[in-house]
Amino acid sequence: MEPIDIVRLEEAVVVFYRSTSQEQAHLHEWLTKVQLSAQAWQFSWQLMQLGKSQEAQFFGAITLHSKLMKFWHEVPAESRDELKQKILETIIQFAGGPKLVLNRLCIALSAYIVHMLSDWPTAIEDVINTFQNQQIPNVTKEMQLWIMLEVLQAIPEEMQAIYTSVKRSTLRGEVAKRAPLVMETTETYLQMQLDIEWDADAYGNMTKAVKCASTWVKNIGFSIENCQSIAALLLKMVNKCYWPCVQDGDGDGCMSADENDLAEVCLKTLLYIIIQPDCHLYPIIASVIINMFLDSLCDITKMEWKPDNNNEDIVSSIYTLFVSAVERHSTLLLSGITASDPELSSLCSRLVNEILQCTDKPGIYPVEESCSSMALGFWYLLQDEVFAITYEVERFKCWEYIRPLYAHLTRILVRKAEQPDENSIDKWTSDDLETFRCYRQDISDTFMYCYEVLRNDILDILSTVLDETIAQLQTNPTLWTKLEACIYAFQSVAEHFDGDETKQIPKLMRVLNEIPYEKMNEKLLGTALETVGSYCQWLKDNPVYIPSAIQLLVRGLNSPMSAQATLGLKELCRDCQLQMKPYAEPLLNACQAALTSGQMKNSDCVRLMFSIGKLMSLLMPDKIPNYLDIIVSPCFEELTAICQIETKTPQARIRTIFRLNMISTLFSSLNTDLDDDDQIEDLQNLQPVLIVMQKTMPIFRRIAELWVEELDVLETACSALKHAIVNLKSSFKPMLQDLCYFIVAIFQTRCCAPTLEISKTAIVIFYKDEGCKSLMQQLLVEFVLHSFKLFESTAENGFSNIAETIEMFYACLLQIVKKIPQSLDDKAIAYDRLIFYALKAMTLPENGPIRTSIQFLSHFVIQSRNYPQMTMAVLTAGEEILKTAVVCVACVTPRQQVEKFADIFLSVNKKYPAELAIWLRNIMLQSSNFPTNLVNESEKSRFITQIIREKVNKRLLQQHLTEFAIKARGLSDKFQ
């Protein structure tokens, strides 16, 4: 790099930090190159001279840190002492600020210390002695302490980040030897502070000291055996932060920001202590420390157990600690249930009770409280651990213990699932509502865990709550939220109950039809409609309740809750289709009325067409044309009108997609041959969908011509035809010729993903039918040739622009080569081009083409041994396939995708093992710089051996590829 002009550099830095993001982007690349240059060792000090701008000084400090972290090998051994002195002197120079620069310099010293641990083994002790004993003149005691803590805190993080030739595990071991000293230093300081009054400066350094201890415990580890004293100290600090403000009669009971920060970092450190990887090896110590948590913190949670409490942050941190402790020590918890030790049993009871209280926190989440969500995961863990117990006697004892807990939990969850009412909803933001929606889903999952413990008893509990709620509504009709939450709970466990349950579910169905919805919030009707849909499997076995379900769903179609009504009706028609036959006509009339009312959203209209198709399938053949005319004709009439006008406006596009989606949904569900496994062709009684398609295929072709540039329109049109094919299968054969004309007509104008997919669907379904085989073979050839035309017309650097089409092309070919490989045994298909473009797709940055091209090539290689022409193609291109795969692994493909290439090596090794060995040696040993200059000859030879050896173990081969990619990309230091 050319010599750097320090004046120009300083100007560029100032502009960079004071400019807009667009200007920053322009400078970023150059400044990064400057930082990487060897000259950075000199200019970093120049930029930190007194009198320079703060931006320049900061850039100098981060450059010095970057060089120390990544380019330590550039520092001569004889210059390292001088470098240390220079860093220390500059730290003292900036002791008065700016802190932003001082912070970076302290981190730079941390990086230096980690590099020098073997040459300067007393580095950490020296730093502590220098700054703790106030050996720096003209720097305040507090600032010396701040610098010491900043340096100590950064050491574990720098240990993980620096580039070094030392093994990371060895380096970690060296740093870990100093952990007792660091922990003792921070603990001694904090103990001294505990008995004095705290001011603002004290809070800052105490918080930093606790963060320092936290970082060492989290990143290095500190045996739980040695943590009792610091745990006790941290708990005392939490209490000192909390109780004075709460007990101050003149205050508002709120902790200050400083108190909150200190308490939070103390609790986080306690969490890291109790969840350390090896702490389960010390159950006695763990139980002692968890007991300390409970003794010290339960009074705080009890004080704050109210809605809109003043100190939610500390309560949230405490409950996080409790939940994390029990999740990490679940075995200890279970032993407390089964063991005869009263102390352990008491610990278990107290801990579970605290988490139950956390779940039952007063107020509505997340506006009035923010804790209860963190406890929900525990209830899954507890029942999962209990049912995983091997010994039946112990498992039964634990189950007996947790049954009343989950019974109580069920009632709590009903309350927590209550929605905000009309009086409180105004203070909720859209983010609050979305958070609550996700929380309700978590509650729904937790009801499922309750079912796993309680089984059918959960219905009795919910039924009791339902009775209580209805009784309350008699006196106060506005209390709809509890009733809605109770119905939601029934909905959550619906999938577990079949038709044998004849006590509580019939009662629920009666209640759902008796509720005066017009007097209550519309959300209640919405939940009731969803609940009916969720019990469709039960209704199938209890068809006597279907009329009342239909009545409620039809009511919903004509309400603001039409989305839930169409969803419920869709599930009912899908699961109970045959049982719906007596009600098909009146229900169709109701659906038609809802469609023509104009009150439903487009998405609801589309969804309703599924139910219409299922209901039409139940009618006598002579009645279907009339309903088709009434319901489907308006769709095609509007589409015809749009095509005749030929005005491609945004509104016309939206209406076209909407109408096509309605037709597509109908095609997916309308099938009069209900015994799908034994379809009988009846030329006198064609499927209704075929009748519709015969009349409307010209409209589909016209839509394709008009909207050929609009991919979403083509996709919707193809989706409609695909649904017809998949639904009707062999019954679709009379329309197959017309479908091929439609597809080829689009191909001749544009090759795109939707037409490729519908082609694949037709080929896979009909190729094995002797009457259709020739036509499907022609379609396959057109499929390949038109794709090649697109690829050939694409610029060399433009394949990412058609990545979606390439992905679909090879995804379709993958299905074809897996299911009907004989179809590819055709001289009209150029195997060399198939392989060439697959290799091209492998080198793209997009994940989709990489994945599908690899999968296609792998299966093509496996099938090729059965077909001589395909065998020749693989033998001809095999070396190029492997060469491209190696290059992709080494330096081209995003590292996260490297493992996928294992399929190629395995398939070649399986079918062409002798050739694989020759090809790999030709490729890997032909050039000293192949695939990159970072891999030497012995490493390449080992890689060849690994590939050849692994014929079955895909996971191990993936590991070899990942390791080779790391080495070839020069990332070994980062992944030690």
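The rules we used
Residues numbered from 1 in each chain as written. Predicted model: local features only at pLDDT ≥ 70, side-chain atom pairs only at ≥ 80, totals over all residues. Heavy atoms only, no water. UniProt positions renumbered as here; feature names shortened; annotations may be inferred. Core = buried A, V, L, I, M, F, W, Y, C linked by side-chain atoms within 4.5 Å. Buried < 20%, exposed > 50% of the residue type's maximum accessible area, 1.4 Å probe, protein only. Contact = heavy atoms within 4.5 Å. Phe/Tyr/Trp six-rings, centres within 6.5 Å; stacked < 30°, edge-to-face > 60°. Helix = DSSP H or I, 4+ residues; strand = E, 2+ residues; numbered from the N terminus. Lys NZ or Arg CZ within 6 Å of the ring centre and 35° of its normal. 1 Å grid on protein atoms, 1.4 Å probe; cavity = no way out; pocket = protein on both sides within 12 Å on 5 of 7 lines; lining within 4 Å. Points joined across faces, edges and corners; volume = space filled by probe spheres on them. Nonpolar A, V, L, I, M, F, W, Y, C, P; charged D, E, K, R; others polar.

As annotated in an unreviewed UniProt entry, the protein carries the name Importin-13 and comes from Glossina brevipalpis. Within the UniProt record for the protein, the comment given under Subunit (unreviewed entry) is "Interacts with UBC9, RAN, RBM8A, eIF-1A and PAX6."

S.K.: Talk me through the nonpolar core; I want residue IDs and the actual numbers.
M.R.: Judged by nonpolar contacts, the single largest core of 359 residues is most densely connected at Phe732, Met776 and Phe901. Ignoring sequence-local partners within four residues, the contact set of Met776 consists of Leu736, Cys740, Ala762, Ile763, Phe766 and Tyr767.

S.K.: Which residues make up the packing of aromatic side chains, and what values do they have?
M.R.: Across all of its chains, the model carries 32 aromatic pairs by this definition. Both rings, one in Phe378 and one in Trp379, keep their centres 4.8 Å apart while their planes meet at 75°; by these two values the pair is edge-to-face. Judged by its relative accessible area of 0%, Phe378 is buried. For Trp379, a relative accessible area of 0% translates into the label buried. Look at Phe791 and Phe809: their rings are 5.4 Å apart centre to centre, the planes differ by 80°, and that puts the pair in the edge-to-face class. Here Phe809 lies in helix α38 (residues 803-819) and Phe791 lies in helix α37 (residues 773-792), a separation of 18 residues in the sequence. Judged on exposure class, the residue Phe791 and its partner Phe809 are both buried. The rings of Phe783, Phe788, Phe791, Phe799, Phe809, Tyr810, Tyr831, Phe836, Tyr837, Phe856 and Phe860 are connected pair by pair, giving a single aromatic cluster. The aromatic ring of Phe610 is capped on one face by Lys570, whose charged end is 5.2 Å from the ring centroid.

S.K.: Please set out empty space enclosed by the protein residue by residue, giving values where relevant.
M.R.: Overall, the coordinates contain 1 cavity of 30 Å³ or more when judged by the stated rule. Reported here for the largest cavity is a volume of approximately 60 Å³. Taken together, Ile290, Ala325, Val326, His329, Leu332, Leu333, Gly336, Leu344, Leu347, Cys348 and Leu351 make up the lining of the largest cavity. Elements with a minimum of two residues in the lining of the largest cavity: α15 (312-328), α16 (330-338) and α17 (342-359). For the lining of the largest cavity, a count of residues per class yields 9 nonpolar, 2 polar and no charged.

S.K.: Requested: an account of the layout of surface pockets, with residues and values cited.
M.R.: Approximately 530 Å³ is the volume attributed to the largest pocket. In terms of lining residues, the largest pocket is bounded by 20 residues, among which Gln419, Arg437, Arg440, Tyr488 and Glu530 are the most central. Where the lining of the largest pocket is concerned, the elements lending two or more residues are α20 (430-454), α22 (480-492) and α24 (522-534). Among the elements that make up the lining of the largest pocket, the one with the highest residue count is α20 (7 residues).

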